[in-house]
Structures are given as C-alpha cells and as structure tokens.
Amino acid sequence: MAAASRKSNFKLTALESFSGGLNMRADQFNLAPNESPDLLNVIVDPRGGIKQRDGIDRRNSTPLSADVKGMWAYHRTTGTTALFTSNAVMVNYDTKIGWSTADNFKELTGMTARTAGSKVYGITMNDVMYAVSYDKPSFKWDGVSGAGAADLGTTLDGTTGNMPQGRYIAMWNNFAWVAHTYESGTAYRSRLRWSKQNDPESWEAADYVDIDVGEHGDYITGLAAYGDRLVVFKSNSTYAVFGFDSDSFQVILQSASVGMIPDSTPAVSPNGVFFWAAQEGVYLYNGQQFVYLFTKLFPGITQNKITFDSAPELAWGDNRVYVSVDWTEGATTTRRTLIYDPTLGEAGAWVLTDIDAGPLLSYRPPNERAKVLGGCVANTGSVIDLDDDSDRMTDRYTASTETHITSYFVTPWLVGSDPITKKRWGKPRFITLADETMTMNIQVYKDYDRSEVAKTIPITVTGRASASKWDTAKWNDSDPDSAYYAAWDAVTPSLTADVIRLPTLGTAQSISMKVNGPTTNKHWEINAMAFTYNPRRLR
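Residues numbered from 1 in each chain as written. Predicted model: local features only at pLDDT ≥ 70, side-chain atom pairs only at ≥ 80, totals over all residues. Heavy atoms only, no water.

1. Digging into the pairing of strand E26 (residues 281–285)
The line we're drawing: Burial classes: relative accessible area under 20% of the type maximum marks a residue as buried, over 50% as exposed, and values in between as partly exposed (1.4 Å probe, protein chains only). By definition, any uninterrupted DSSP run of H or I lasting at least four residues is a helix, any uninterrupted run of E lasting at least two residues is a strand, and each is numbered from the N terminus. At least two bridges found by DSSP between two strands are what make those strands a pair.
Across the 5 residues of E26, 5 count as buried, placing the element largely inside the fold. The pairing of strand E25 (residues 272–277) with E26 spans 5 bridges and is antiparallel. Residue pairing across strands places Phe 274 opposite Leu 284, the latter belonging to E26. Where E25 folds back onto E26 in an antiparallel hairpin, the turn is made up of 3 residues, including Ala 278, whose phi is positive at roughly 40°. Inspection of the sheet shows E26 paired to strand E27 (residues 290–292) by 3 bridges, in the antiparallel sense. Looking at E27, one finds that Leu 284 is bridged to Val 291. With antiparallel pairing between neighbouring strands as the criterion, E26 and E27 make up a hairpin whose turn holds 4 residues, including Gly 287 at a positive phi of roughly 95°.

Written out as structure tokens, the structure reads:
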C-alpha cells in the first residue's frame, strides 16, 4: 500500500513592500504591513525595498571656528571673477560670514560683524548677494573681492545704496522683500517692505504693509517665493502677496490657524512649500490648501523625543524633503535628520537618520539638480553634503575620519490569520541584495513584547559585486581572501538577488523582527520577507 501523503497546514504571510516608512504611533495594531515602528539610517527604495542610506561627506576639510547658524546661496551669471566662477555657498558663524565654491570656507570682510548666535538670511539679485541679520546693517557682496562686502544704508527715500534691516529677506517678482523689520531701534515684527522694481538698493518709506498687527501675538516668521505669490508666514497664520507693483500688491489671508515656527527655513519645491508649524510638525502649502504630513511622526513630539531648543530646519533636494530636528533620548539631545519622500504611496513616507545637521540649504546652481547641504552641530564648523553622489558607505564629517553608519529596521507585528491564537512559525525567507559579503544579526521578538529579545539569528548575505577598489586592489594578488585581491565585476548588483532562509522561529501569537545592519562598512538591502506559520487550535 502506498504511503499516505503528508499534508502541510503551513500558511504564508509576507512583507513585500516597506514603502510606508516610519510610523511612531504607540498603538502598534494601527500600523500598516508596509510601515515600521522603529528604524534608523535606512531609506525606502521606490520599488518598496529598504536599504542602508548612503554616507554624507563634508564640504570643508578644515572646520570653521564655530557652529554655522545660517546658510544661503550666491549665484552669478556674468562669469568668472577673481574669486570664483559662478556659484558659492554662504554661511554665517560666530560674528563672521564665510563663502565656499567647493571646499574650505574663506572669510568675507568689509561689513559690520554680526551678532554671535544670530542667523543671517540672503538672496542673489542682479548678480549681487544681499543679506540681512536683523540687528545689524544689511550688507551686499559682488563676488569680486573677499574684502569687498559692504554695509547698506537704511535711508528709505528712494536713493540708492540702502536696504532696511530685517530678520527675513526674499526676492520675488523682480522686487527685494524684507520682513520683520528693525527701524530706528524699533522692532516692527509684522511689517513687510519691498524695494523699487529690479533695484534692491532703493526703497521708498511708504512701500510697506503691516500685516494684522497684534492678532493674538502673531508676527512674521518667514518668507517664501512660490510661483505667482510671495508666501508670508506668521507664527499662527499664513498670508500671500499677489500683484505686480506697488499699486497692485495685495495681501490675502491663506490660513488663520497654521503658521511657521520662527528661525526655521521653508522648503520650496515643485509640490509646494513645506514648512514646520509650531510644535505640530510639517505642513505642505500647495497654493490651494494646507496638507498636514506629520501624523505618523507626531507621537515623537508628544513623547518629547522631538524637542525645540533649536528650530527645525527644512530643505528640498533629490525630490525629497530633509528636516533637521532636536532629538532627545534620556537626558541627551542631539540633532537628527528626517527625510520625507512624497512619491511613496498616497501620503508619502518618512525615515529617520542620525545625520548631524542644524541649518539646511537647498543648493541649486543653474542647470543642476538641487542638493542639500547642512551645517553640523556636534561636529562644530563642518558643512556637509547630505545627498552625496559618491555612494559612500561611511559618514565623513571632518578631515579624513570615517564614521560607521549604524542602521536597522523593525517590522510591524506579524499575526498571521488572527492576533490571538498561538502559531508555530516556520523558516522565514528574506530576499536580499549586497555588493559585498557580510553578516547581519536578526533579533526576534514575540507576543507583542519588544522589551526582550526572544532570539538572535546571524545571517550571511553573499555579495554579488567585486569588492576591488581603485588604488588599493592589486591585480597580481592571487589570494581571494586578501584585502588587496582584485577581480573584475561581472555582475550588476541591482539585477541580482539572494533568497536567505532563516531557522524556525518557534511558537508565538505574533512575531516582529529587527534587522540590524552589519558592523562592517558595507551596504545592504532587503526587498521582501516571507513567513510561514501553522495556527494552533484556540481552546
């Protein structure tokens, strides 16, 4: 008699996409299968996989003497000067102003020293850089001489060589705009002034508007040029200026309840203007409505992880929004950077990184894509490129020091067919990608308890690309285990994948996994996870 066939009762549940990103809600049952309750230094691939972020790189090999407080760009169209060709990054630190075309910053002189700790905002207009810092004279620089900066006067009678003092500056519709002004020793916190058309150094005394002075303590907190309007943020409200000249300018209320936190920086993008409101999080103003984007991360504010000793900063680059925030763990506050990708899913996706950045700048020279630069806080005086193009595996904040990127990803709770009955969990499968062979530790949690690791499983991910590096590898080295062994790379990693099978996980109502990146400096990626389970009978 033929032996009876063995029937398997195992069922399958899979995580085929991680495009939901980070969701910090305390009630983990409300997480979608593609979301994570905890992650660090990973990004979500548009295809749905997760992978370790690329490393950042410092712009200046020699740090500045103090933290950077403000950053802006200077772009010329009239060609080479004695100092640079066309583009420079500008910063203010301590009482000084610095400029850089590629590497180290040089000090700009000729104008009044700034107040230490203040933040400078700047624009480019008619190939000249103009900047304001509220309590000190506004100043300009034409890029010709490093000692060629000059203070501007404050006479507002239409004569040239002047600009009002103010906290914020913007260029829109061929006018320069200065807001939250400081005139003859008096603060006008709701005042917005504009220059003569195409003449940022000529201002008329009557060309201003005081926007809803005294409304619940509201005052101007930022400016953003967006299409056919100048967006004027106040602490609790938002307005837009429309028109073409002094006779047609009009201020229209856009929201009486949503404004921007002071000393932040809005991020202008093709999608609209992203900004941080009060202690609520990030909004998008698209010209028609205000869209709240911080629902998934708002618990980070209520749990006092996101704190506000320093204002959050925003910048747009690589089709994503970068948001630097104060992050508090225990009694220690550091600076971390959140990244929002609006293209993922219906509501976009957030991830968290430990990138050390305070002020952020969307730096976009003409005919180039925007990149995001940041001024460090812990790494004093360093300016970094947050979306470096070199696919770095480590962070480099200063000189030649390479810092390991600690990365991990936690899955939501997997419950199979129901959240109550116990199941016997089989052998999970991971679809992985890696350039080089590495070991990663997988921590297993059971029964809705992440306070205790039930099991730790080391896995080996086999690299599919050559680890040979120029100027290091030796082509006559015949030992494949040597650090200097060289081999031609015949495989494109993005077109190959491995399926890794883990050991059985045991019995539990639910399971969750924490995927830890390698302790070595290597990239990793996971594109899917599959879990088998056999439900037990509920008694």
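2. Points about the side chain of Ser 202
Here is the rule: Think of a polar contact as two N or O atoms within 3.5 Å of one another; within protein, one of them needs to be a possible hydrogen donor and the other a possible acceptor, and neighboring residues in sequence only count if both atoms come from side chains. Residue contacts follow a heavy-atom distance rule, with two residues in contact if any of their heavy atoms lie within 4.5 Å.
In this structure, Ser 202 sits in the loop between strand E18 (186–194) and strand E19 (208–210). Here Asp 199 takes part through its side chain, which lies 2.8 Å from a polar atom of the side chain of Ser 202. Filtering out sequence-adjacent residues up to four positions away, Ser 202 remains in contact with Gly 158, Thr 159, Thr 160, Asn 162, Ser 195 and Lys 196.

3. Notes on the sheet that holds strand E11 (residues 106–108)
The cut-off we apply is this: For helices, the fitted axis covers only the stretch in contact; all axes are lines through C-alpha atoms, and the angles between them, taken along N-to-C directions, range from 0 to 180 degrees.
As summarised here, the arrangement of the 4 strands in space is E8-E9-E10-E11, forming an open sheet in which the pairing is antiparallel. Looking along the sheet, the strands with just one partner apiece sit at the ends: strand E8 (68–75) and E11. The mean angle between the axes of side-by-side strands here comes to 30°, regardless of whether they run parallel or antiparallel. For E8 and strand E9 (residues 87–93), the ladder comprises 7 bridges, and the chain directions are antiparallel. Looking across to E9, one finds that Ala 73 is bridged to Val 89.

4. Remarks on the sheet that holds E19
Strand order in this open sheet of 4 strands is E16-E17-E18-E19, and the pairing throughout is antiparallel. The open sheet has two free edges, formed respectively by strand E16 (166–172) and E19, since each of these has just one partner strand. Between one strand axis and the next, the sheet turns by 25° as a mean value, whatever way the strands run. Bridge count between strand E17 (residues 175–183) and E18: 6 bridges; the pairing is antiparallel. Residue pairing across strands places Glu 183 opposite Thr 186, the latter belonging to E18.

5. Quick word on the pattern of salt bridges
Rules: Should a side-chain nitrogen of Lys or Arg be within 4 Å of a carboxyl oxygen of Asp or Glu, the pair is scored as a salt bridge.
Counting across every chain of the model gives 21 salt bridges. The partner of Asp 263 in a salt bridge is Arg 167, with the nearest N and O atoms 2.9 Å apart. You can see Asp 263 sitting in the loop between strand E23 (250–255) and strand E24 (267–269) and its partner Arg 167 sitting in strand E16, a full 96 residues away along the chain. Given a relative accessible area of 30%, Asp 263 falls into the partly exposed group.

6. Here's the deal with unusual backbone geometry
Although it is not a glycine, Asp 212 sits at a positive phi angle of roughly 45°. Here Asp 212 lies in the loop between E19 and strand E20 (220–226). For Asp 212, a relative accessible area of 36% gives the class partly exposed.

7. A look at the packing of aromatic side chains
The line we're drawing: When the centres of two rings from Phe, Tyr and Trp lie within 6.5 Å, Trp using its six-membered ring, the rings pair. Their planes under 30 degrees apart give stacked, over 60 give edge-to-face, and anything left gives tilted. Both a distance and an angle decide whether a charge sits over a ring: NZ of Lys or CZ of Arg must be within 6 Å of the ring centre and within 35 degrees of the ring normal.
Applying the stated rule across the entire model yields 26 aromatic pairs. Consider the rings of Tyr 74 and Trp 141, whose centres lie 5.6 Å apart with planes at 55°: the pair is tilted. Highlighted residues: Tyr 74 in strand E8 and Trp 141 in strand E14 (residues 139–141), separated in sequence by 67 residues. Of the two residues examined, Tyr 74 and Trp 141, each falls in the buried class. Both rings, one in Tyr 226 and one in Tyr 285, keep their centres 6.5 Å apart while their planes meet at 65°; by these two values the pair is edge-to-face. With a gap of 59 residues between them, Tyr 226 in strand E20 and Tyr 285 in strand E26 connect regions that are remote in the sequence. Joined through ring pairs, the aromatic side chains of Tyr 226, Phe 233, Phe 275, Tyr 283, Tyr 285, Phe 290 and Tyr 292 make up one cluster. In this structure, Arg 191 packs its charged tip against the face of Tyr 208, placed 4.0 Å from the ring centre. The ring of Tyr 408 has Lys 514 lying over it, and the distance from NZ or CZ to the ring centre is 4.2 Å.

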